[in-house]
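So you can see what is in the structure, the chains are spelled out below.
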Amino acid sequence: MVLDYQSTVDQLQEKLTWYEEQFRLLQHKRFGTSSEKCPGQMELFNEAESILDSLKQDDSDPEETLSYQRKKPGRKPLSRDIPREVIRYELPEAERVYACGHALHEAGEDKSEQLEIIPAQIKVIEHIQIKYGCRACENGIISAPKPAQPIPRSFASASLLAYIIVAKFMDSLPLYRQETIFKRLSVDLYRATLSNWVLKSAELLQPFYDRLHALLILQKILQADETTLNVIRDGRETKSKILYVALSEWWA
């Protein structure tokens, strides 16, 4: 009787220790930083052994046999929205004869998919404005108009600016890394130039920002994800941090 009581106490103590460790992990994940150390963290590696030992000590529980139905192996088909290139493999006319001497006919097909990616492609767009003059009076020259550019006197197109902004703010790709990527593409784009383009693009997007701000302040409640980001200068992480605030509406 004393032995059963002590065994029960030991099992309850192990469960209490496990739940306390889970609580500490949740607190650390929610409020702690990545550099903090969680006490008793190494005990997690012994979780499987401790559970197995507790099951061996309890001989009164009947052995349970777990059974499940194995899922058939399969792969989710690729989206039909992705552009496709179909390649058919057919036998030459000379090989469409069976060993018996009769001609072969199509009896079906085996289909398989392969995903291919095309690396980033760059090209130069030359804008040629034709000039026109009058031979009679020769008073002046008229040039064909050119569409307005995002940044005057700059060779940055709208697609290039969009690519840089998405890579920086959506894919967390700093400008100094983008500088290296462009260099591999035989384009010298220095981070100072990229920074200037990002600032100029922010000025172009100011009307969208003002409209979004006007819509947000009309809401009753807003949710904010106040995530801090480390500041990187010259490819090295500094001790400075900026606050990245992502606002979203909350509908009651």
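A.B. asks: Teacher, can you tell me more about the overall build of the protein chain here?
C.D. replies: Of the regular secondary structure elements, the protein chain holds 6 helices and 4 strands. In the protein chain, the order of α-helices and β-strands from amino to carboxyl end is α-α-β-β-α-α-α-α-β-β. For the protein chain, with 252 residues in total, the buried portion stands at 9%. Here the contacts in the protein chain between residues at least 6 apart in sequence split such that 33% fall between residues at least 24 apart. As displayed, the protein chain offers around 24000 Å² of accessible surface, 56% of which is attributable to carbon and sulfur atoms.

A.B. asks: Looking at this structure, how should I read the state of the cysteines?
C.D. replies: A covalent bond between the sulfur atoms of two cysteines is referred to as a disulfide. By the definition in use, this model includes 0 disulfides. The cysteine Cys134 is free of any disulfide, with Cys137 supplying the nearest cysteine sulfur at 3.6 Å.

A.B. asks: Help me understand the layout of surface pockets, please; the structure alone is not making it clear to me.
C.D. replies: Over the atoms a probe the size of a water molecule is rolled, and this reveals where empty space is left. One number sums up the size of the largest pocket: a volume of about 1300 Å³. What lines the largest pocket is a set of 27 residues, among which Val86, Ile87, Arg88, Tyr89 and Ser112 lie closest to the centre. Residue classes in the lining of the largest pocket are distributed as 10 nonpolar, 5 polar and 12 charged.

A.B. asks: Help me out: how do you make sense of the nonpolar core in this one?
C.D. replies: What tends to happen in soluble globular proteins is that the nonpolar side chains get buried as a cluster. Membership of the largest hydrophobic core is limited to 11 residues, which are Ile151, Ala156, Leu160, Leu161, Ile164, Leu175, Phe182, Leu189, Leu194, Trp197 and Val198. Among the secondary structure elements, those contributing two or more residues to this core are α3 (158-169), α4 (175-184) and α5 (191-204). When residues no more than four places from it in sequence are discounted, the contact partners of Trp197 are Ile151, Ser154, Phe155, Ala156, Leu160, Leu161, Ile164 and Leu189.

A.B. asks: I would appreciate a short explanation of the pattern of salt bridges in the present structure.
C.D. replies: Opposite charge on two side chains lets them pair, provided their charged atoms get close. A complete count under the given rule lists 7 salt bridges for this structure. For the salt bridge of Glu90 with Arg88, the shortest nitrogen-to-oxygen distance reads 3.0 Å. For Glu106, the salt bridge goes to Arg88, with nearest N and O atoms at 3.9 Å. Here Glu106, found in the loop between α2 (47-57) and β1 (131-133), pairs with Arg88, found in the loop between α2 and β1; they are 18 residues apart in sequence, far enough to count as distant. In this structure, Glu106 and Arg88 share a single accessibility class: exposed.

A.B. asks: Where do I start with the packing of aromatic side chains in this structure?
C.D. replies: The description of an aromatic ring pair rests on the distance of the ring centres and on the angle between the ring planes. Per the stated rule, a full pass over the model turns up 3 aromatic pairs. Relative to Trp197, the ring of Phe155 has its centre 5.4 Å away and its plane inclined at 85°; by these criteria the two rings are edge-to-face. A residue pair is termed long-range when its members are at least 10 positions apart, and Phe155 in the loop between β2 (141-143) and α3 and Trp197 in helix α5 qualify at 42 residues. Judged by relative accessible area, which is 62%, Phe155 ranks as exposed. The lysine or arginine in question, Lys168, covers the ring of Phe169, its NZ or CZ lying 5.3 Å from the ring centre.

A.B. asks: Could you clarify how one ought to interpret unusual backbone geometry in this entry?
C.D. replies: Outside of glycine, negative phi angles account for most residues, and trans bonds account for most peptide bonds. Residues other than glycine seldom take positive phi values, yet Arg153 does so here, at roughly 55°. By the element assignment, Arg153 lies in the loop between β2 and α3. A positive phi angle, close to 55°, is found at Ser172, a residue other than glycine. Inspection of the secondary structure assignment puts Ser172 in the loop between α3 and α4. On the accessibility criterion, Ser172 (56% relative accessible area) is exposed.

A.B. asks: What is the right way to look at the packing of α3 against α5 in this model?
C.D. replies: Packed helices, taken two at a time, are described by the angle their axes make and the gap between the axes. Packing of α3 against α5 brings their axes to within 10 Å, and their N-to-C directions diverge by 100°. By the angle class used here, α3 and α5 are roughly perpendicular. Judged by residue contacts, Leu160, Leu161, Ile164, Ile165 and Phe169 of α3 engage Leu194, Trp197, Val198 and Ser201 from α5. Of the residues belonging to the contact of α3 with α5, the class tally is 8 nonpolar, 1 polar and no charged.

A.B. asks: Explanation requested: the side chain of Ser201 in the structure shown.
C.D. replies: Secondary-structure assignment places Ser201 in helix α5. Separated by 2.8 Å, the side chain of Ser201 and the backbone oxygen of Trp197 make a polar contact. If we ignore the near neighbours within four places in the chain, the residues touching Ser201 are Leu161 and Ile165.

A.B. asks: What's the story with a nonpolar patch on the surface in this structure? I'm lost.
C.D. replies: Taken together, the side chains of Ile128, Ile130, Tyr132 and Ile142 present a nonpolar region at the surface, about 460 Å² in accessible area. Position of Tyr132 among the secondary structure elements: in strand β1.

Rules and cut-offs
Residues numbered from 1 in each chain as written. Predicted model: local features only at pLDDT ≥ 70, side-chain atom pairs only at ≥ 80, totals over all residues. Heavy atoms only, no water. Helix = DSSP H or I, 4+ residues; strand = E, 2+ residues; numbered from the N terminus. Buried < 20%, exposed > 50% of the residue type's maximum accessible area, 1.4 Å probe, protein only. Contact = heavy atoms within 4.5 Å. Areas by Shrake-Rupley, 256 points an atom, 1.4 Å probe, with all protein chains shown as cover. Disulfide = S-S within 2.5 Å. 1 Å grid on protein atoms, 1.4 Å probe; cavity = no way out; pocket = protein on both sides within 12 Å on 5 of 7 lines; lining within 4 Å. Points joined across faces, edges and corners; volume = space filled by probe spheres on them. Nonpolar A, V, L, I, M, F, W, Y, C, P; charged D, E, K, R; others polar. Core = buried A, V, L, I, M, F, W, Y, C linked by side-chain atoms within 4.5 Å. Salt bridge = Lys/Arg side-chain N within 4 Å of Asp/Glu carboxyl O. Phe/Tyr/Trp six-rings, centres within 6.5 Å; stacked < 30°, edge-to-face > 60°. Lys NZ or Arg CZ within 6 Å of the ring centre and 35° of its normal. Axes fitted to C-alpha atoms, helices over the stretch in contact; angles between N-to-C directions. Parallel < 35°, antiparallel > 145°, perpendicular 65-115°, else oblique. Polar contact = N/O pair within 3.5 Å; in protein donor to acceptor, adjacent residues only side chain to side chain. Patch = residues over 30% accessible without salt bridge, like charges linked within 9 Å, V, L, I, M, F, W, Y side chains within 5 Å.

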